[in-house]
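Observations on chain architecture
Residues per chain, in single letters:
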Amino acid sequence: MLAYFGPQGTFTEQAARGFASPQQELVPFDTVPAALAATRRGETQSACVPVENSVEGAVPATMDALTEGEPLVAVAEAVLPVRFSVLVRPGGGPVRTVASHPHALAQVRHWLAEHLPEADVVATTSTAAAARSVLGGEFDAAVSAPVAVRHYPLEVLATDVADVRDAKTRFLLVRPPGELPEPTGHDRTSVVCTAADKVGALSELLAELALRGINLTRIESRPTKGRLGEYRFYIDLDGHVAEPRVGDALAALHRHCPQTRFLGSYPKAEPGGVVAGNEEFVAAAEWVETVRRGHGA
Ligand SMILES: O=C(O)C(=O)C[C@]1(C(=O)O)C=C[C@@H](O)C=C1
């Protein structure tokens, strides 16, 4: 079974369908922590959750839920284009309230200001939860994934709605630690480090990557929820932990931050990124081995 951030009709469900094997059952959960908790309890083999959007940035619920509780590691990612449909009850009256997930609302702010300026904007747990609530009569319109109309008998007021063309959301498939995906030469590694409160703490971490020629693809900070001013850094980098230089860099991050948590090494969904230089690193490590064995200089 595969848990996903639901209910039925979310963008996350679409991503989950791409990950699932033909016979695998998909199980919706109303929140990201609930989907992850089901996987931690072993009720589902894996969970599909959104992690970042190209317009609105990180999904804090996912970042927090991956850091707190038993470890889970990402084994795959998917990137989906994000465009919305605005759904209303068939024959419904004027739109006084419009609901959606905060990330979705942030991506249609201008459209709402232009087309539904009088409507109150209400946050719901997901885009599909908004559609469900419109069906139940709680709100007048939902900003949803286009697939949501297949699950909720609503009318499409507008389609292809997005303030920013080509917006995309990245999703992760996570599961309890186990065998890692094989390196493909086009991978991403995710870790989270709790940096010490001292001068240069963050630059020390970044220097460990730069010195090894490792490309940083994302860095986000979230408070530890402990002391004010204490932060965790979520780091995505190009490469797989099986690569010597990436393994070496993770060891260095762990030396600086003993609470470093590995969040996975998995194939990248999209081409691009900087993955050069591993051969030199391997060759250099082999040279050191020959020196150690007394065969080189
Ligand atoms: O509510 C949904 O449909 C989701 O899958 C969540 C989510 C998100 O967290 O960003 C996914 C893609 C869109 O950017 C809007 C909402």
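Note that residues are indexed from 1 along each chain, following the sequence as it is written. For this predicted model, a pLDDT threshold of at least 70 governs which residues receive local features, and a threshold of 80 or more governs which side-chain atom pairs are given and counted, while totals over whole chains, interfaces and linings are taken from all residues. Side-chain measures were taken over the full set of non-hydrogen atoms in the model, leaving aside hydrogen atoms and water.

Short version of the rule: UniProt positions are given in the numbering used here, feature names are shortened, and annotations may be inferred rather than shown by experiment.
By the naming in an unreviewed UniProt entry, the protein chain goes by Prephenate dehydratase and is assigned to Saccharothrix carnea. Comment text from UniProt for the protein chain, heading Catalytic activity (unreviewed entry), reads "prephenate + H(+) = 3-phenylpyruvate + CO2 + H2O".

1. So, helix α6 (residues 127-135)
To keep things clear, this is the line we draw: Here's how the labels work: a residue is buried when its accessible area is under 20% of the maximum for its type, exposed when over 50%, partly exposed in between, all with a 1.4 Å probe on protein chains only. Only DSSP runs of H or I reaching four residues or more are called helices, and only runs of E reaching two or more are called strands; each is numbered from the N terminus. The contact definition used throughout considers only heavy atoms, calling two residues in contact when any of these lie within 4.5 Å.
Counting buried residues in α6 gives seven out of nine residues, a clear majority hidden from the surface. By the burial criterion, the buried members of α6 are T127, A128, A129, A130, A131, S133 and V134. In this fold, the buried residues of α6 make contact with α1 (11-19), β6 (84-88), β7 (97-100), α4 (102-107) and β9 (141-144). Phi turns positive one or two residues past the end of α6, at G137, with a value near 90°.

2. Observations concerning the sheet that holds strand β12 (residues 187-194)
For clarity, the cut-off: Strands are labelled as partners when DSSP assigns at least two bridges between them. To get an axis, a line is fitted to the C-alpha atoms, and for a helix only the part in contact is used. The angle between two axes follows their N-to-C directions and goes from 0 to 180 degrees.
Strand order in the open sheet formed by four strands is β13-β14-β12-β15, and the pairing between neighbours is antiparallel. Edge positions in the open sheet fall to β13 (216-223) and β15 (261-267), since each of these has one partner strand only. Averaged over all adjacent pairs, the angle separating strand axes in this sheet is 15°, with direction ignored. In the sheet, β12 pairs with β15 via six bridges, with the strands oriented antiparallel. When the bridges of β15 are listed, R188 appears paired with Y266. The strands touched by helix α7 (residues 201-211) are β12, β13 and β14 (231-238); relative to β13, the strand with the most contacts, the crossing angle is about 160°.

3. Details of the UniProt feature "domain: Prephenate dehydratase" (unreviewed entry) in the protein chain
Under the UniProt annotation, "domain: Prephenate dehydratase" (unreviewed entry) lies at residues 1-176. The span residues 1-176 is 27% helix and 34% strand, and its two end C-alpha atoms sit 14 Å from each other.

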